[in-house]
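Summary of structural features
Given next are the chains, with one letter for each unit.
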Amino acid sequence: MFYYKSQWTMQGQVNEIAPNFCTNEGLVDYRLEDWKYGGACRYDEKTGLPDSNCFPVLGDGNMVKSSIMAIPYLQGNNQFCDDSEILLHQADIPTKHNDMCGGQSTFEIIKNHPDFKDYLNNNTEESRTPSFEILRSKTSSSFVMVLDVSGSMGDYFRLDRLKASAKRWLTYDLDDGVPLGVAKFSSKASTVVNLTPVNNQSRADIAKALDNLNADGGTCLGAGLKEGLKVFKNGGVEKGGVMIFLTDGKFDCKNPDMPDKTTIAQAIPLIKAQEVRVITIAFSNNADQDIIKLAEETNGKAFFVPDNSGPEVINTAMQGSLTYQPAVPSNEVDIVIYETTYKNIMEFSFNFTIDELIGKDVSVQIDFSGNKGADIVVDNVPDQFTEENGVYLKSFSELAPGYYTVSVNSTSTIGFASVKITAKSMTDTIPVMTNCWTSIGNKKADMTNDIKIAVIARVLQGTNPVIGAKVTAYIERDDNPIPLEISLSDSGSEPDTVANDGLYARYFTSFDPSSSSKRYSLKCQVEGSDDTQINEGFIDVKRHPKLKSLPSNPTGGNPICCGSNTVREDSTLTPTGAFTRSSAGGSIEIVNGDKASYPPAKVTDLRTGNNPDNRAYFTLYFTSAGNVLDSGTAGEFKIFFTQNSTDLVNVTLINNFLDSLNSTDVLNSDQLAPTAAGTKVELNVSVDRFQVGQQYFFRLVTISLDGKKKTWSNIASFYNYEGRTESSAVRTFTNIFSLASALLFIRSWV
């Protein structure tokens, strides 16, 4: 909320404490109050600044017009800061916005968004009268499966796996009354099942029709898509619907006897005109390259099914289509609490956890492929399953919290056994839920542009972040039966931006370094323990739920939220106990992986702190970057410092003109050696080179092992003070705020 503002005078550097707001005019009317305890502000001994409970309460005498993002409650402040002289953005103040956005103003960032492509200054609207359209979701979306039955679908048992998964989805996932149709395509396309509401009889009829599918012929992709559109229209659905498009091949529709040679690219405008959303499921890396574009252009989802995978991956892809069904109450959502696949095994066992918030309508599903007969024990109750290919299902109307064991034994090798455990909430309390995605969405990542792919998982209980969970991303690939594992972090270090907000992230860098296109399938698994907690916010906010997170005059019941870390001293943290959750993340497609040349990740949390008990040194804190983004160990790092923050802006000049810390400056000099990515580092720096009453600025550079790539950190500041008394209280000072600065109250440029 405050920082040391440095000014240069005839006497040298002069520092004054200023509120960290970006305003186009100086603040001339404000007072400082301790919003939590009342009275005068207290000071943080580590920084010498007012502590986090101190807030500048603004009066009516300020003539401020920007930035509305800094002080939205100030009368007359109704503009974004920009690069004009009238609404000038303060690019040099220590805010996270300035660091993440390279010092650009709020409005420059807004104008760079595609939504503002044709923006003109001083645009005027002839009519500002709003219009309203009331929308209501349909009882159910309509679905059409468009299935590839070309000759190559006979390879790797693709068609058999497709039929088994489609029947499982039809039997166990699709609700009664949902309209479903089926089309197929190879050298030509045709309708298999007209759009029909699902019930017991139609399920049997559709399953029988799926069993009769055979692999043969070419791959006329566009013809299949057009046939799917036809099924919708013939069923009375002129607009909308969800199409599930499953294929393994590239476009192969050139023979004269193939009547419709439409490509995916040519079919996309027709699909968009009919407002159909397409879920694409690609078997193998050979599937057409436009399949990702098809999902992207129609606001659908893309999934990838490796040839060496079991039923789990394709089942998950099929279930992903149900995302577009009308929403149901949170306590009626089937939550995936455990999911895994066993391959070529005769016996296995596993445990699943029913936590305090779930336990209703528990379903244990084991999808077998190549089963010669298995003895199954669920919660000490024995059972048998003799179908070679099919789904074993054990249901419980209710299970108490606790651990449950499932064991499977067979006299012969089971080809695949995909396990899925689901449950619903026991009460109206929203359970812990998760979802998983990548930063590129449905787009193809061309590594000639060094596109960074962040894997992200959200773990929430309602709107409350779940912190301290173990979150692992599993990435399936076509050429290896063992998935890649990536541990995601909610630490605030790149690619994560805010610590403890329930968003866990990590870069995906271990992809195949090949020039050809490669597809991957993503799943995230979440595990809670006794150390995992739900961040329910601040105690007094729970009593007053309508209070704002950015108040004009904070109180104990209306505090400030949240900054670079959502956890505060007065946060209400409730243990979750043990739990597990699972979520599919869709497909990742990468081309020109051999062209990727990533630098180390950016250190985004460099900060400083005094040591009140030992003034002989201060501490620099940061999280290590990796050699390749946030993976591995970098070659080295250096920390440069200066008394003028502008010296650290142009990184091409820093090496030549500025001092850096060395082993004689750092008391624990062994910490100057690079450590593995994600390691928390603390450097105890001697104050001998730093004058009392002066401010210094620091910036860290991480250098790759080959010495060719480097990445610069945020800028952190250190003010060498000797203690403070109440008589040296903050002066009323005309100064600044920045985008989200009222939320990002932090001294370092973090």
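Before reading on, note that the structure itself is shown above.
Since this is a predicted model, take the numbers as computed values, not measurements.

With respect to the environment of D155
- On the secondary structure map, D155 appears in the loop between β5 (143–148) and α3 (158–173).
- The class of D155 is partly exposed, set by a relative accessible area of 39%.
- Once the C-alpha coordinates of D155 and A499 are considered, the two residues, 344 residues apart in sequence, prove to be 47 Å apart.

Notes on the pattern of salt bridges
- Going through the model one piece at a time under the given rule, you end up with 28 salt bridges.
- One salt bridge connects K602 with D99, and the closest N-O pair in it is separated by 3.1 Å. Separated by 503 residues along the polypeptide, K602 in the loop between β27 (579–591) and β28 (607–610) and D99 in helix α1 (residues 96–100) bring together distant segments of the chain.
- We classify K602 as partly exposed; its relative accessible area is 21%.

Observations concerning the sheet that holds strand β6 (residues 179–185)
- Strand order in the open sheet formed by 6 strands is β7-β6-β5-β8-β9-β10, and the pairing between neighbours is mixed. Of all the strands in the sheet, the pair left with one neighbour each is β7 (189–197) and β10 (301–305). Neighbour-to-neighbour, the strand axes of this sheet turn through a mean angle of 15°, independent of strand direction.
- With respect to the sheet, α3 is in contact with β5, β6, β8 (242–247), β9 (277–283) and β10, its orientation differing from that of β5 by roughly 165°.
- Strands in contact with helix α8 (residues 311–320) are β5, β8, β9 and β10; relative to β10, the strand with the most contacts, it is inclined by about 165°.

Brief notes about unusual backbone geometry
- Residues S66 and S67 are joined by a peptide bond in cis, for which omega reads 10°.
- Secondary-structure assignment places S67 in the loop between β4 (54–58) and α1.
- The amide bond that connects E494 to the next residue, P495, takes the cis arrangement and shows omega of 10°.
- Although it is not a glycine, Y156 sits at a positive phi angle of roughly 55°.
- By relative accessible area, Y156 is classed as exposed at 54%.
- The backbone of D361 shows a phi angle near 50°, a positive value even though the residue is not glycine.
- By secondary structure assignment, the location of D361 is in strand β12 (residues 358–369).
- What makes D361 partly exposed here is its relative accessible area of 34%.

Description of the pairing of strand β20 (residues 464–467)
- Burial of the side chains of β20 extends over both faces: N464 and V466 are buried on one face and P465 and I467 on the other.
- Where strand β19 (residues 454–461) lies against β20, 2 bridges are found, and the strand directions are antiparallel. From the neighbouring strand, L460 faces β20, where its bridge partner is P465.

Let's talk about the nonpolar core
- Membership of the largest hydrophobic core comes to 56 residues, with the highest contact counts inside it found for F508 and F698.
- If we ignore the near neighbours within four places in the chain, the residues touching F508 are I453, V455, I475, L484, I486, Y520, I588 and I590.
- Residues F143, M145, I206 and I281 belong to the second largest nonpolar core, which totals 34 residues.

Considering the sheet that holds strand β29 (residues 617–623)
- Here we have 3 strands laid out as an open sheet, ordered β28-β29-β32, and antiparallel in their pairing. On the outer flanks of this sheet lie β28 and β32 (680–686), each paired with one strand and no other. Within this sheet the neighbouring strands show an average axis-to-axis angle of 25°, counted without direction.
- Sheet analysis places β29 next to β32, joined by 7 bridges and oriented antiparallel. Bridged to L620 within β32 is L683.

Here's the deal with the packing of aromatic side chains
- Inspection of the entire model under this criterion finds 25 aromatic pairs.
- Each ring, one from F618 and one from F698, has its centre 5.8 Å from the other, and the planes form 55°; the classification is tilted. In this pair, F618 is assigned in strand β29 and F698 in strand β33 (residues 695–703), connecting sequence segments 80 residues apart. Here F618 and F698 have matching classes, each one buried.
- Ring centres 5.1 Å apart and planes at 55° place the aromatic pair F641 and F690 in the tilted group. Of this pair, F641 sits in strand β30 (residues 636–642) while F690 sits in the loop between β32 and β33, and the two are 49 residues apart along the sequence.
- An aromatic cluster is defined as three or more aromatic residues linked by ring pairs; in this entry it consists of F618, F641, F690, Y696, F698 and F718.

Brief notes about the side chain of T702
- Summarising the element assignment, T702 is placed in strand β33.
- Among residues more than four places away in sequence, those in contact with T702 are P600, V603, A625, G626, A634, E636, F637, K709, K710 and T711.

Focus: the state of the cysteines
- Scanning all chains against the criterion turns up 3 disulfides.
- Here C436 connects covalently by a disulfide to C524, the sulfurs 2.0 Å from one another. With a gap of 88 residues between them, C436 in strand β17 (residues 432–438) and C524 in strand β24 (residues 518–528) connect regions that are remote in the sequence.
- A relative accessible area of 7% places C436 in the buried class.
- Left unpaired, C101 is separated from the closest cysteine sulfur, that of C81, by 10 Å.

Calculation criteria
- Residues numbered from 1 in each chain as written.
- Predicted model: local features only at pLDDT ≥ 70, side-chain atom pairs only at ≥ 80, totals over all residues.
- Heavy atoms only, no water.
- Helix = DSSP H or I, 4+ residues; strand = E, 2+ residues; numbered from the N terminus.
- Buried < 20%, exposed > 50% of the residue type's maximum accessible area, 1.4 Å probe, protein only.
- Salt bridge = Lys/Arg side-chain N within 4 Å of Asp/Glu carboxyl O.
- Pairing = 2+ DSSP bridges.
- Axes fitted to C-alpha atoms, helices over the stretch in contact; angles between N-to-C directions.
- Contact = heavy atoms within 4.5 Å.
- Core = buried A, V, L, I, M, F, W, Y, C linked by side-chain atoms within 4.5 Å.
- Phe/Tyr/Trp six-rings, centres within 6.5 Å; stacked < 30°, edge-to-face > 60°.
- Disulfide = S-S within 2.5 Å.

By themselves, these observations are geometric and do not establish any function.
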